Amino acid sequence: MLRDIAMHHISLTPFGRQPVTAGILASQRLAEARSPLPEIDKWALFADLRTARARFGVSDRDLAVLYALLSFLPGRVLADAAPLVVFPSNATLSDRAHGMAESTLRRHLAALVEAGLVARRDSANGKRYAHRNRAGELVTAYGFDLRPLLVRAAEIAETAAALEAEAEAMARARTALVLKLRDATKLAAYADPEGRAVGIEPRLMPIRRALRRRLTLADLAEMARTLDLVLGDIRQVLVLRAAEMDGTVGRIERHHTESKTESSDLEGGHACGKTSAGAEKDCRDIGGESPDEKANRPSPNRAEPDEARPEKLASVEMNDNQRPAPTLPLGLVLKACPDLEPYAPEIRNWRDLTAAASRLRGMMGITPSAWEEAKAEMGAETASVALAAILQRFASIRNPGGYLRALTRRASEGAFSPTPMIMALLAETPEAA
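So, how was this worked out
Residues numbered from 1 in each chain as written. Predicted model: local features only at pLDDT ≥ 70, side-chain atom pairs only at ≥ 80, totals over all residues. Heavy atoms only, no water. Pairing = 2+ DSSP bridges. Helix = DSSP H or I, 4+ residues; strand = E, 2+ residues; numbered from the N terminus. Axes fitted to C-alpha atoms, helices over the stretch in contact; angles between N-to-C directions. Parallel < 35°, antiparallel > 145°, perpendicular 65-115°, else oblique. Contact = heavy atoms within 4.5 Å. Nonpolar A, V, L, I, M, F, W, Y, C, P; charged D, E, K, R; others polar. Core = buried A, V, L, I, M, F, W, Y, C linked by side-chain atoms within 4.5 Å. Buried < 20%, exposed > 50% of the residue type's maximum accessible area, 1.4 Å probe, protein only. Salt bridge = Lys/Arg side-chain N within 4 Å of Asp/Glu carboxyl O. 1 Å grid on protein atoms, 1.4 Å probe; cavity = no way out; pocket = protein on both sides within 12 Å on 5 of 7 lines; lining within 4 Å. Points joined across faces, edges and corners; volume = space filled by probe spheres on them. Phe/Tyr/Trp six-rings, centres within 6.5 Å; stacked < 30°, edge-to-face > 60°.

1. So, the pairing of strand 5 (residues 129-132)
Where strand 5 meets strand 6 (residues 138-145), 4 bridges bridge the pair, whose relative direction is antiparallel. Within the sheet, the bridge partner assigned to H131 lies in strand 6 and is T140. Hairpin connection of strand 5 to strand 6: 5 residues between the antiparallel strands, including G136 at a positive phi of 85°.

The following block contains the structure:
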């Protein structure tokens, strides 16, 4: 029996001058431990280790050598009951490792042993080989034992999953931070044409510089909180600028209040048929007609004189061309009016917004004449912004067509700007809360 024990003794120490290290002893203990998993796909395990290599202290070159070692093991499965010792020569292993020099191979093999992923099974003379019985069955093998990989398979998989989740959280946090930084930069440029937000840019510069480095989740969260404060300050500046452009921010609230009190007669409803002088005056103020004017109105089927029509069309085109585009950024309008997205998900420029507004006009019950009049007085882009704001508050506006006519009348008097409307809607969005 002593002879059998001696014949099957497995050395715990490396061959040659290499000393015993804690990593070598640890890998030997792992090679003799019971595996918590009966088997695992070796290439799935290798993929997890590739993800978590930094946590296990191995490099990409170390993994290249481990890949070569795994390729000498028959089949795809690392099984607890199967022999897991591979014994390629240095030359063969170098070929599998794409011609890696032997001195480099030895260095990376030592790193795998120190990391506790591979265990040495050195023979008396340092050669790698195997003993087989007469039936061809493997009895003893000297080389590299891959059993530590199987023993640590669950640990490797859990570490890889945690790192992947952390990487996804980092990517989401970084994306959100970049979007907030973009909003802060562009809104500050819009809100600060005359240097009223001079303190904003110095607060953004450190964040831009920090984004060039590798950051932790805590770093990203801290910078996101800073940007939230900056965006709050910018919104205050935007509200002040809106008040300057339109006289007072409270005017948009009056728009909202008037929309609830105006009746359907703004679109030529039944109330305009009243015979009182007050009702006729209201209809004329909104842009409608009194009953007497309706009696004298030409029939819709009667065509206008040919010589008058070109002049009218030219006048409308001239008005559209003379109206400047809104000073609001298009992105700000889309953020303040998210109800546009289901009807027009791909708005990239002002022309797309105008086309979407023209389609929505009919759905909202706004007549073609009210829409054309709004475009003529405000300009197509500004009219589209107004219609988008009306859509956003559609549930609280009784008569969208009449409301648009009221805004058109104010535009003709030079007393309308869409900026307060958008700022008020922006303050109501969940992101502003």
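2. Concerning unusual backbone geometry
Of note, the phi angle at H98 is positive, near 65°, even though the residue is not glycine. The topology assignment puts H98 in the loop between helix 5 (90-96) and helix 6 (102-114).

3. Looking at the packing of helix 4 (residues 60-71) against helix 6
One can describe the packing of helix 4 onto helix 6 by two numbers: an axis separation of 9 Å at closest approach and a directional angle of 90°. The angle between the axes of helix 4 and helix 6 places the two elements in the roughly perpendicular class. Within the contact between the two elements, helix 4 uses R61, D62, V65, L66 and L69 and helix 6 uses T104, L105, H108, L109, A111 and L112. Looking at the contact of helix 4 with helix 6, its residues break down into 7 nonpolar, 2 polar and 2 charged.

4. Re the nonpolar core
For soluble globular proteins, the rule of thumb is that nonpolar side chains tend to be buried together. I234, L328, L340, L353, M378, L407 and I422 are the most contacted members of the largest nonpolar core, which totals 61 residues. It is helix 10 (residues 217-246) that provides the largest number of residues to this core, a total of 9 residues. Within the second largest apolar cluster, 34 residues are counted, among which are L49, L109, A153 and L163.

5. Some details on the pattern of salt bridges
Going through the model one piece at a time under the given rule, you end up with 12 salt bridges. Here K180 ties to D228 by a salt bridge, and the two come within 2.9 Å at their closest N and O atoms. One end of the pair, K180, is in helix 8 (residues 153-191); the other, D228, is in helix 10, with 48 residues separating them in the sequence. Exposure remark for K180: the relative accessible area of 25% places this residue in the partly exposed category. Residue classification places D228 among the partly exposed residues on the basis of a relative accessible area of 39%.

6. Some remarks on empty space enclosed by the protein
Left-over empty space is what a probe sized like a water molecule reveals as it rolls over the atoms. Here the structure, examined in full by the defined rule, presents 2 cavities of 30 Å³ or more. Estimated volume of the second largest cavity: approximately 30 Å³. Lining the second largest cavity are D183, L187, L231, R235, K335 and L426. Within the lining of the second largest cavity, the residues separate by chemical class into 3 nonpolar, no polar and 3 charged.

7. As for the packing of aromatic side chains
Using the criterion set out here, one finds 3 aromatic pairs in the structure. With a centroid separation of 4.7 Å and an interplanar angle of 35°, the aromatic rings of W43 and Y67 are classed as tilted. In this pair, W43 sits in helix 3 (residues 42-51) while Y67 sits in helix 4, placing the two residues 24 residues apart along the sequence. Given a relative accessible area of 22%, W43 falls into the partly exposed group. Judged by its relative accessible area of 43%, Y67 is partly exposed. Ring centres of F46 and Y67 lie 5.3 Å apart, and the angle between their planes is 65°; on these two criteria the pair is classed as edge-to-face.

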